[in-house]
Amino acid sequence: MEFLIDLFDNFWVSLAGKLLLVATMIPLIGMVIGFAEMKLSAKMQARVGPYFAGGRWGWAQLIADGVKFFQKEDIVPDAADKPVFKSAPILVLVGTVALFVVIPFGPGLIFRDLSVGIFYALAISSLSTIGILMAGWSSANKYSLIGGLRAAGQLIAYELPLVLAVVGSVIMAGTMSMSGIVEAQINAGFPYVIVQFVGFAIFMVAALAELTRIPFDMPIAESELVMGYLTEYSGFRFLFFFLAEFANMFSMSAIAATLFLGGYWLPGIPEDLLSFVGPFILIGKVFLLAFLMIWFRWTFPRFREDQLQGIAWKWLIPLALANIAVTAILKVVL
Amino acid sequence: MSTYFESYLTVGAFAALGAVLVLVMLGVASVLRPTKPTAEKQLTYECGVDPVGDGWSQTYVRYYVFGLLFVIFDVEAVFIFPWAIQVDELGVFALVAMLFFIVTVIEGLVYAVKKGVLRWE
């Protein structure tokens, strides 16, 4: 035991351990959330969903899908801009993996507690916007082009409410470090959602739009654009976009849980237990939010493109700015 | 090595891991999958018929105005964050200054909306 602790005190050894952990975590998250989405969608539509793979409840469906994608031919259209086409999924996944650095799973259980935590998370999450735009442009396909442009317009419009909604929590906590924000909530004795409900609501709406999930899925609107910027992708490259979507669902929910729902902490849980139960509490909250996202998918119809922009610019951004102003005034006055 | 560089290294290593994951999995897949390209298969997909014209056809990029608006607001957000973590210490003066700043930027947004940037016809 002593030997192991000494070993992981070494920066390089612990870094290798962290990389290994996150490399296994991301496909696992993709499978769990993907399976949850399949089964929940089926329940909500009164279907059975995956049933046969694995023997019971079809639990192995996503593993079978993964194996299937390994055998799929990797088709690159002749007309495509090949280097850009091939590197787009890389950029999308880089943003996804790098986002995991600042998610606190428990006291001290964070890959790296950056002092600019939340700011870094917001900055790095917009990296995948470039990847999506690259995918849309390089496919040399009209649907992909329209989908890519829609995605760019949408991700740009909703990044602002996302960034501004966070400021309320940052003002209250007085720090941008992700674990610092959780500790501030522990010290305050309540999760920030109670006073920052507006911020939380704006964050969730903007996060849905950033993930291009229904009702904000115009960039890949199947009934209009085939598959939007993914139209020309096949095989494993196609799978990476989905893996990134599910992993981003996880990390966005984790950020929302950390900023507004108390992260790895629940009121009433003694603090010395948190290093053990903290990760489970956080993952529980994440799955609650992920469930909400899946639920929304089968509840709301898709927005129109001008409605989408109108919601962001006319409602969410002014509302987020008002939230910042009110929070700051209350913080200074009280 | 200082913790400062360790932070950068961690972030860099995680970013690199994203690229490595893609490359390794594609490498494994390239051993397992068939490669039988045909002219029809490599054709641009357009609902089953032969593609008409160039894939990079002319489209009306309405979103460029939003791009411009975005730059303004994103810069604003960068200004808000340093103040946000120091609201208490900076006190009333900075608060009033920041409120002026926010109102000015909202004014710009109102101007853009009144100009008809968000109107779609």
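You'll find the structure just up there.
Report follows, based on the coordinates. Just so it is clear, the structure is predicted and the values come from calculations on it, not from any experiment. (Residues numbered from 1 in each chain as written. Chains lettered and ligands numbered in written order. Predicted model: local features only at pLDDT ≥ 70, side-chain atom pairs only at ≥ 80, totals over all residues.)

Comments concerning the nonpolar core
Right, so step 1: Grouped together as the largest cluster of nonpolar side chains are 129 residues, with contacts concentrated most on A:Val97, A:Leu164, A:Phe203, A:Ala206 and A:Ala256.
Right, so step 2: At 21 residues, the largest contribution of residues to this core is made by helix 7 (residues 142-173) of chain A.
Right, so step 3: Domain assignment of the residues forming this core places at least three in each of domain 1 (1-35) and domain 2 (61-115) of chain B.
Right, so step 4: In this structure A:Ala256 touches A:Phe200, A:Phe203, A:Met204, A:Ala207, A:Leu261 and A:Leu289, once residues within four positions along its chain are discounted. (Core = buried A, V, L, I, M, F, W, Y, C linked by C-beta atoms within 7 Å. Buried ≥ 20, exposed ≤ 12 C-beta atoms within 10 Å, placed from the backbone. Helix = DSSP H or I, 4+ residues; strand = E, 2+ residues; numbered from the N terminus. Domains from an automatic or database assignment. Contact = placed C-beta atoms within 7 Å.)

Focus on the interface of chain B and chain A
Right, so step 1: At the junction of the two partners, chain B supplies 56 residues and chain A supplies 66 residues.
Right, so step 2: At the level of elements, helix 1 (3-32), helix 2 (63-84) and helix 3 (87-115) of chain B are the ones that each hand at least two residues to the side of chain B that touches chain A.
Right, so step 3: The element contributing the most residues to the side of chain B that touches chain A is helix 1 of chain B, with 17 residues.
Right, so step 4: Here the residues of the side of chain B that touches chain A sort into 39 nonpolar, 11 polar and 6 charged. (Nonpolar A, V, L, I, M, F, W, Y, C, P; charged D, E, K, R; others polar.)

What about the packing of helix 7 of chain A against helix 2 of chain B?
A pair of packed helices is characterised by two quantities: the angle between their axes and the separation of those axes.
Right, so step 1: At their nearest, the axes of helix 7 of chain A and helix 2 of chain B sit 10 Å apart, and the two run at 15 degrees to each other. Put simply, helix 7 of chain A runs roughly parallel to helix 2 of chain B. Helix 2 of chain B is crossed by helix 7 of chain A, and the crossing has left-handed handedness. Where helix 7 of chain A abuts helix 2 of chain B, its residues A:Leu149, A:Ala152, A:Gly153, A:Ile156, A:Ala157, A:Leu160, A:Val163, A:Leu164, A:Val167, A:Val170 and A:Ile171 lie against B:Tyr63, B:Phe66, B:Gly67, B:Phe70, B:Phe73, B:Asp74, B:Ala77, B:Ile80, B:Phe81 and B:Ala84.
Right, so step 2: Residue composition of the contact of helix 7 of chain A with helix 2 of chain B, by class: 18 nonpolar, 2 polar and 1 charged. (Axes fitted to C-alpha atoms, helices over the stretch in contact; angles between N-to-C directions. Parallel < 35°, antiparallel > 145°, perpendicular 65-115°, else oblique. Left-handed = near helix turned anticlockwise from the far one by under 90°.)

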